[in-house]
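Descriptive analysis of the structure
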Amino acid sequence: MDLMIEKAQPDDLREKPDENNLGFGRYFTDHMFTMQYQEGQGWHEPVISRYHPFTVDPAAMVLHYGQAIFEGLKAYRGKDNRVYLFRPTANLARMNVSAARMCMPQIDVNQVLNALQELIRLDQEWVPKAKGATLYIRPTMVATEAGLGVRAAKQFMFFIILSPVGAYYPEGFNPVKIYVTDTYVRAVPGGVGHVKTAGNYAASIMAAVEAKKQGFTQVLWLDAVERKFIEEVGTMNIFFLINDDLITPPLGGSILAGVTRDSVLTMARAWGIKAVERRISIEEVFAANQQGTLREIFGTGTAAVISPVGSLHYQGRECLINEGRTGALAQRLFDELQAIQYGWKDDPYGWTMAI
Ligand SMILES: *Cc1c(COP(=O)(O)O)cnc(C)c1O
C-alpha cells in the first residue's frame with residue numbers, strides 16, 4: 001500500500017495561531033491522513049491531503065450506533081528543534097485493543113506510524129516552539145457504511161488530524177478540586193470502560209456539567225457495582241501516595257490503560273518507590289487522610305501529563321490533600337516525564353522517537 005501525498009495548495013494553507021494562546025483542540029494543521037476500509041478488501045487509499053471536511057451518508061452507521069474509536073498522543077519540539085513522539089506505538093497498539101472490542105478492523109501499527117511521521121514532517125512548522133505547547137495528535141476510526149441495521153459495519157474510515165495545543169498549566173501546576181460522584185457511573189464490568197470509544201465520553205458529560213456547576217474541575221468515578229472503589233478521574237488515571245506506597249487502581253476492564261499511567265508506574269519503580277496496582281476504596285482514602293498518611297493524589301493523562309489533586313468532595317465531606325498544594329512526587333514525575341518527552345534529557349526507557 002503506497003502512501004499518496006497531495007500537498008495543500010498555497011491558497012489552502014491556514015494562518016498559524018498565536019502560540020501563546022492556543023487553548024486545547026481549537027486549531028488544526030494544513031494536512032490530514034485518511035484511509036478507507038472495506039471488508040474483503042482491507043485498508044486502502046492511504047492519503048495525506050489538505051485538511052478538509054468529509055461528505056458523510058446520513059445513514060452512516062457511526063452516526064446512529066457509535067462505532068467510533070480514537071487515540072490521543074503528542075509531538076514535542078525539543079531544544080535541538082527536532083520533533084519527538086512519545087510512545088506512539090503504545091497508543092496505536094491500544095487503538096487495536098479498542099478496535100477489537102468494538103468489532104472494528106485492526107490497523108497495521110507500523111504503516112500508520114509511518115504515515116503519522118510523514119504527516120508531521122509535512123506540517124512540522126505547526127509543532128509549537130512556545131514553552132509547554134505541543135502538537136496534539138488525534139487518530140480516529142469510524143464506521144462509514146450506510147445502513148440502519150444494528151450490526152458490525154463492513155466499511156470504515158481511519159484518519160489522523162493534528163492540533164497545536166497550549167501548555168496545560170499556563171500559570172504553573174494548579175491542584176484541582178474533584179467531585180466524587182455516587183450518582184453516575186462511567187463503566188461497568190464487561191462493558192467498554194477500557195476502550196477509547198466515543199460513547200464513553202458522551203455518557204460522562206452530564207456528571208461533568210453538574211460538577212462544574214458546583215465549582216469542581218473534574219469528576220472522580222467509583223466502581224459501578226458497589227460504588228466504593230475508585231476507578232479514574234475525568235479522562236485521567238489516578239494515583240494515591242499513602243505512607244510510602246504509590247497506589248493506583250488495577251486494569252480490570254472498566255478503566256482506561258493509560259500510557260501515562262504505565263510511564264508513571266515504570267518511573268516510580270525505577271526510582272525504588274513501591275508502586276502497587278490494587279483496588280482502593282473512597283473510604284480508605286478518607287481514612288488515610290484522617291490518620292495523616294495520605295500524602296498526595298494526582299491524575300495522569302496525555303493532555304495534562306500529571307494533574308495534582310487539591311481536594312476531594314464526597315457525600316458532603318471534604319478531603320484536603322497536602323494543604324491543597326502540589327506534592328513533591330507529582331512535581332518530580334511531571335518534571336522528569338516532561339524532560340523525556342521534549343528530549344531535554346536522556347531517555348533511559350526508549351520511549352521517545354525522533355521524527
Ligand atoms: C485517554 C484516557 C486516559 C489517559 O490515557 P493516556 O494514555 O495516559 O493519555 C485515562 N482515562 C480515560 C477515560 C481516557 O480516555
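See the structure above.
The present account deals with the structure reproduced in this document.

Concerning helix α7 (residues 328-341)
Given a rise of 1.5 Å per residue, 14 residues ought to cover 20 Å, and the 20 Å separating the end C-alpha atoms of α7 matches this to within 8%. Within α7 the residues assigned to the buried category are L329, A330, L333, F334, E336, L337, Q338, A339, I340 and Q341. Of the residues flanking the end of α7, it is G343, one or two places downstream, whose phi is positive at about 70°.

Some remarks on unusual backbone geometry
The backbone of R227 sits at a positive phi, close to 50°, despite the residue not being glycine. Within the fold, R227 resides in the loop between β10 (218-222) and β11 (230-233). Its relative accessible area of 32% is what places R227 among the partly exposed residues. With phi around 70°, V305 is a residue other than glycine that occupies positive phi space.

Focus on the packing of aromatic side chains
Per the stated rule, a full pass over the model turns up 16 aromatic pairs. With a centroid separation of 5.3 Å and 40° between ring planes, the pair formed by Y179 and F216 is classed as tilted. Note that Y179 is positioned in strand β9 (residues 176-180) and F216 in the loop between α4 (198-213) and β10, a separation of 37 residues in sequence. F216 sits in the buried class, given a relative accessible area of 10%.

So, the site of the ligand
Of all residues adjacent to the ligand, which total 14 residues, the nearest are K196, Y201, E232, T260 and T302. The side chain of K196 places a nitrogen or oxygen atom 2.7 Å from an oxygen atom of the ligand. Within the contact set of the ligand, a nitrogen atom lies 2.6 Å away from a side-chain nitrogen or oxygen of E232. Notes on the ligand: free accessible area 380 Å², of which the protein chains cover 96%. Among the cavities detected, the one that contains the ligand is the largest pocket. Classifying every residue of the shell around the ligand by side-chain character gives 4 nonpolar, 6 polar and 4 charged.

Quick word on the side chain of R261
Within the secondary structure, R261 is located in helix α5 (residues 259-270). A distance of 2.9 Å separates polar atoms of two side chains, one belonging to R261 and the other to E277. For R261, the contacting residues outside a window of four places in its chain are N237, F239, T248, P249, P250, L251, E277 and T300.

As for the layout of surface pockets
Within this model, the largest pocket holds a volume of roughly 890 Å³. In terms of lining residues, the largest pocket is bounded by 34 residues, among which Y201, Q218, G234, T235 and M236 are the most central. Broken down by class, the residue content of the lining of the largest pocket amounts to 15 nonpolar, 13 polar and 6 charged. Split by domain, the residues of the lining of the largest pocket number at least three in each of domain 1 (4-165) and domain 2 (176-341). Counted as a void, the second largest pocket has a volume near 330 Å³.

Here's the deal with the pairing of strand β16 (residues 305-314)
Of all the 10 residues making up β16, 10 are buried; the element is thus mostly covered by neighbouring parts of the structure. The pairing of β9 with β16 spans 4 bridges and is parallel. Across the sheet, residue K177 finds its bridge partner in β16, namely S311. Across 4 bridges, strand β15 (residues 294-301) lies against β16 in antiparallel orientation. Following the sheet pairing, F298 is matched in β16 by P308.

Here's the deal with empty space enclosed by the protein
The tally for this structure, following the rule as stated, stands at 2 cavities of 30 Å³ or more. When its volume is computed, the largest cavity comes out at roughly 70 Å³. Taken together, L73, K74, Y76, F86, N91, V259, T260, T302 and Q341 make up the lining of the largest cavity. Within the residue set of the lining of the largest cavity, elements represented by two or more residues are β5 (73-77) and α5. No other element matches the 3 residues that β5 contributes to the lining of the largest cavity. Residue assignment places the lining of the largest cavity across two domains, with domain 1 (4-165) and domain 2 (176-341) each supplying three or more. Looking at the second largest cavity, its volume works out to about 40 Å³. What lines the second largest cavity is E296, I297, P308, V309, I321, N322, R325, T326, G327 and A330.

Digging into the nonpolar core
Formed by 43 residues in total, the largest nonpolar core has its most connected members in I107, L116, I120, I137, M141, F158 and I160. If sequence neighbours within four positions are ignored, F158 has contacts with F33, T34, M35, W43, M95, I107, V112, P139, T140 and M141. Judged by nonpolar contacts, the second largest core, of 26 residues, contains V259, M267, I306 and Y342.

Quick word on the environment of H31
Turning to its location among the elements, H31 is positioned in strand β2 (residues 31-38). At 2.9 Å, the side chain of H31 and the backbone nitrogen of A8 are in polar contact.

Quick word on the packing of helix α2 (residues 88-101) against helix α3 (residues 109-122)
Where α2 contacts α3, the two axes come as close as 10 Å, and the packing angle between them is 130°. As the angle between them shows, α2 and α3 are arranged oblique. As α2 runs across α3, the sense of the crossing is right-handed. The residues of α3 that touch α2, namely those facing P88, T89, L92, A93 and N96, are V109, V112 and L113. Split by residue class, the contact of α2 with α3 holds 6 nonpolar, 2 polar and no charged.

Thresholds, definitions, all that
- Residues numbered from 1 in each chain as written.
- Predicted model: local features only at pLDDT ≥ 70, side-chain atom pairs only at ≥ 80, totals over all residues.
- Heavy atoms only, no water.
- Helix = DSSP H or I, 4+ residues; strand = E, 2+ residues; numbered from the N terminus.
- Expected span 1.5 Å × (residues − 1).
- Buried < 20%, exposed > 50% of the residue type's maximum accessible area, 1.4 Å probe, protein only.
- Phe/Tyr/Trp six-rings, centres within 6.5 Å; stacked < 30°, edge-to-face > 60°.
- Near = heavy atom within 4 Å.
- Polar contact = N/O pair within 3.5 Å; in protein donor to acceptor, adjacent residues only side chain to side chain.
- Areas by Shrake-Rupley, 256 points an atom, 1.4 Å probe, with all protein chains shown as cover.
- 1 Å grid on protein atoms, 1.4 Å probe; cavity = no way out; pocket = protein on both sides within 12 Å on 5 of 7 lines; lining within 4 Å.
- Sits in = over half its atoms within 2 Å of the grid points.
- Nonpolar A, V, L, I, M, F, W, Y, C, P; charged D, E, K, R; others polar.
- Contact = heavy atoms within 4.5 Å.
- Points joined across faces, edges and corners; volume = space filled by probe spheres on them.
- Domains from an automatic or database assignment.
- Pairing = 2+ DSSP bridges.
- Core = buried A, V, L, I, M, F, W, Y, C linked by side-chain atoms within 4.5 Å.
- Axes fitted to C-alpha atoms, helices over the stretch in contact; angles between N-to-C directions.
- Parallel < 35°, antiparallel > 145°, perpendicular 65-115°, else oblique.
- Left-handed = near helix turned anticlockwise from the far one by under 90°.

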